[in-house]
Amino acid sequence: MSMPKGSNIGQFVVIEEGVKLGENVTIGHHTVILKDTVIGDNVTIGCNCVVGVRKSRNQNMRISNSSLDPLVIQANCKIGNHVSIYSGTTIAQDVFIADHASIRENVEVGPGTIIGRGAIIELNTKIGHDCTIQTLAYVTGDTTIEDHVFIGPCVSMSNDKYMGAREYTLKGPYIQEGAKIGNNATLLPGITIGSSAVVGAGSVVTKDVADFKTVVGSPAKDIRYLVSKEVSEHDTTT
Amino acid sequence: MSMPKGSNIGQFVVIEEGVKLGENVTIGHHTVILKDTVIGDNVTIGCNCVVGVRKSRNQNMRISNSSLDPLVIQANCKIGNHVSIYSGTTIAQDVFIADHASIRENVEVGPGTIIGRGAIIELNTKIGHDCTIQTLAYVTGDTTIEDHVFIGPCVSMSNDKYMGAREYTLKGPYIQEGAKIGNNATLLPGITIGSSAVVGAGSVVTKDVADFKTVVGSPAKDIRYLVSKEVSEHDTTT
Amino acid sequence: MSMPKGSNIGQFVVIEEGVKLGENVTIGHHTVILKDTVIGDNVTIGCNCVVGVRKSRNQNMRISNSSLDPLVIQANCKIGNHVSIYSGTTIAQDVFIADHASIRENVEVGPGTIIGRGAIIELNTKIGHDCTIQTLAYVTGDTTIEDHVFIGPCVSMSNDKYMGAREYTLKGPYIQEGAKIGNNATLLPGITIGSSAVVGAGSVVTKDVADFKTVVGSPAKDIRYLVSKEVSEHDTTT
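Residues numbered from 1 in each chain as written. Chains lettered and ligands numbered in written order. Predicted model: local features only at pLDDT ≥ 70, side-chain atom pairs only at ≥ 80, totals over all residues. Heavy atoms only, no water.

If you check an unreviewed UniProt entry, chain A appears there as N-acetyltransferase from Siminovitchia acidinfaciens.

Listed below in structure tokens is the structure:
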């Protein structure tokens, strides 16, 4: 293909047929842009990435019709090295995706959001604008994350209540506007984390968390309840 | 080498000497198949993989004689992008290995098993048939996982009781037929998780779990004991 | 460039301008050595690596002046496959860095240290000599790890007390000489783990841990206190 104005393409880059490249696009060495991928103006992609992956699967895995759509990466995105992104997904403008991250099919990532190093976003998931998904965080499939949410490093989610044992409509967490999840917290399937709620680091969240509440511990409890209980224990022992 | 019938080999693929390829094999762009690797019929490998790695090491690391054997990937396996697999390991037929996964030497993966995105399987480990090892799960070395086991996302295991402080025969968990481990659970070295046992999400398992038991919490306790205790606490406070 | 004595360079390797290679260096297929990187004698680098990355960023991310310095990898280091390392970082001699690991800018890794498979080391971090950072461990930015420290698999750290909500000087943990952190433990921002202290697997450490203490649980408490409490509970119930 003929390259648009301002392109900066590394060595051993593979660009398959049907790819649409905007202006001033930079692509690092050894990166692979698969069939029909759409890349906006001023996008930077690092080395050794694979973008526009069509879902491969075995008989026990789900597919999604939207995986037939192309991957769209909008203007001004910056993508690191060793990243994989699937077809059927849209990355809005000004998104930053760090090295070794992986994003599956039928995902929407809102403008200005940061996806951390080694973070993994599974299929059928919607992430709002100006979120931070930190390093090695795991966002399971069928998850909704609203705007301005902070997901700390190594946060873990799941979407399968019965761990494959029964038929079940898979449902990840629903994390509302401005919520903050501390590092290495565990979120169970289908729970809601309310607007501006805070989950402490290392907590295990087994129930919904109301708006503006802070929960900590395993299982996670309202921090105000825990403080009052600790005070009353002191009362009885002194 | 001359390619077998039905081969579909991407750009910039490296296939070293002694590699044996079956029929109808697909290999993505930039993938490296190292010396003597054996790949069965109808295997699909994505882009940017490195398979058949010979162990490199420093003076403090273990080796295994079987790492001198080739990597064998049997028929109908599907392997994603950015995957690394070592020599001395056997992947049985119909296995699915997702993007960014890594499997060390002297590992056996049974037929029909799924290894999730970014999951890491260490050396000297045996995984049965029809297991699911989910995204970012960490299976330590010297571990045995029987058939039909479910390992949730971000599950963590260890095999070194003294964390390098003493001489110790490394021993990972022994996870029996049909057990289910919830996401981000922590398993200590050498414990047994019994047949059809369930470990709750985020639990920290410090002792053996009997067949058919469900344990939750940090440290993990039998869920029936916890429920009865909660009831009796309510009795005394009301 | 002309290759030094004993070089062993794979296929499709990219070596950018200004790179300095020592003698007897081995570089695997498809690896990219970016501008000005300095590689010492007898260094081995695997396939599909990207080393010497210059920081890309969006407007919400920090930079560091030292990221203008080159990456320096000293003699006898062994680096696996799919590894990324940034400029402005120094890897001392005899370090082992396993597959899929990622190390950011302005990091110092001391001699003889092992960085595990998929481990991630963030910016502005100093790691001493003869440490073990195990598989999938996450070392946050602005962290100090002294010598002979053991960080177990999947350990998670954070450096941002307010999760992006306020201005705050980011500060990771300070882990002193010979401390040992069990697998999947969670460390909060700015805490000190004392010399030879031990943190149990799966623990959530919310406060400083004194030298030689062992803490376990969520939140982590001194193990001697927990044992005595358990004994006294038994006393009252029997």
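Further notes follow.
(A) Main features of the sheet that holds strand 15 (residues 108–109) of chain B. Residues and elements named next belong to chain B. Overall, parallel pairing links the nine strands, which are arranged 3-6-9-12-15-18-21-24-27 in an open sheet. In the strand order of this sheet, the two ends are held by strand 3 (20–21) and strand 27 (192–193), each with one partner. In this structure, strand 18 (residues 126–127) lies alongside strand 21 (residues 144–145), joined through two bridges in parallel fashion. By the bridge assignment, I127 is partnered in strand 21 with I145. (Pairing = 2+ DSSP bridges. Helix = DSSP H or I, 4+ residues; strand = E, 2+ residues; numbered from the N terminus.)

(B) Spotlight on the sheet that holds strand 24 (residues 174–175) of chain A. Read across the open sheet, the nine strands follow the order 3-6-9-12-15-18-21-24-27 (chain A); overall the sheet is parallel. Of all strands in the sheet, those bounded by a partner on one side alone are strand 3 (20–21) and strand 27 (192–193) of chain A.

(C) Here's a closer look at empty space enclosed by the protein. A complete count under the given rule lists three cavities of 30 Å³ or more for this structure. Looking at the largest cavity, its volume works out to about 160 Å³. The wall of the largest cavity is formed by H100, G118, I120 and L136 of chain A, H100, G118, I120 and L136 of chain B together with H100, G118, I120 and L136 of chain C. Its residues assigned to classes, the lining of the largest cavity comprises six nonpolar, six polar and no charged. (1 Å grid on protein atoms, 1.4 Å probe; cavity = no way out; pocket = protein on both sides within 12 Å on 5 of 7 lines; lining within 4 Å. Points joined across faces, edges and corners; volume = space filled by probe spheres on them. Nonpolar A, V, L, I, M, F, W, Y, C, P; charged D, E, K, R; others polar.)

(D) Expanded view of the interface of chain B and chain C. Each partner contributes residues to the interface: chain B has 44 residues there, and chain C has 33 residues. Taken together, both faces of the contact between chain B and chain C bury some 2700 Å²; the carbon and sulfur share is 61%. Across the pair E122 of chain B and R117 of chain C runs a salt bridge whose closest N-O atoms are separated by 3.9 Å. At the junction of chain B and chain C, the tally comes to 15 residue pairs in polar contact (both at pLDDT 80 or more). For the side of chain B that touches chain C, the elements supplying multiple residues, two or more each, are strand 8 (50–53), strand 11 (84–86), strand 23 (156–157) and strand 26 (186–187) of chain B. When its residues are assigned to classes, the side of chain B that touches chain C shows 24 nonpolar, 15 polar and five charged. (Contact = heavy atoms within 4.5 Å. Buried area = accessible area lost by both parts, 1.4 Å probe. Salt bridge = Lys/Arg side-chain N within 4 Å of Asp/Glu carboxyl O. Polar contact = N/O pair within 3.5 Å; in protein donor to acceptor, adjacent residues only side chain to side chain.)

(E) A look at the interface of chain C and chain A. Of the residues lining the interface, 44 residues belong to chain C; the matching set on chain A comes to 33 residues. Carbon and sulfur atoms make up 61% of the surface buried where chain C meets chain A, a total of about 2700 Å² over both sides. Counting across the chain C and chain A interface gives one salt bridge. For the pair chain C and chain A, the number of links is 15 residue pairs in polar contact (both at pLDDT 80 or more). Of all the secondary structure elements, the ones that give two or more residues to the side of chain C that touches chain A are strand 8 (50–53), strand 11 (84–86), strand 23 (156–157) and strand 26 (186–187) of chain C.

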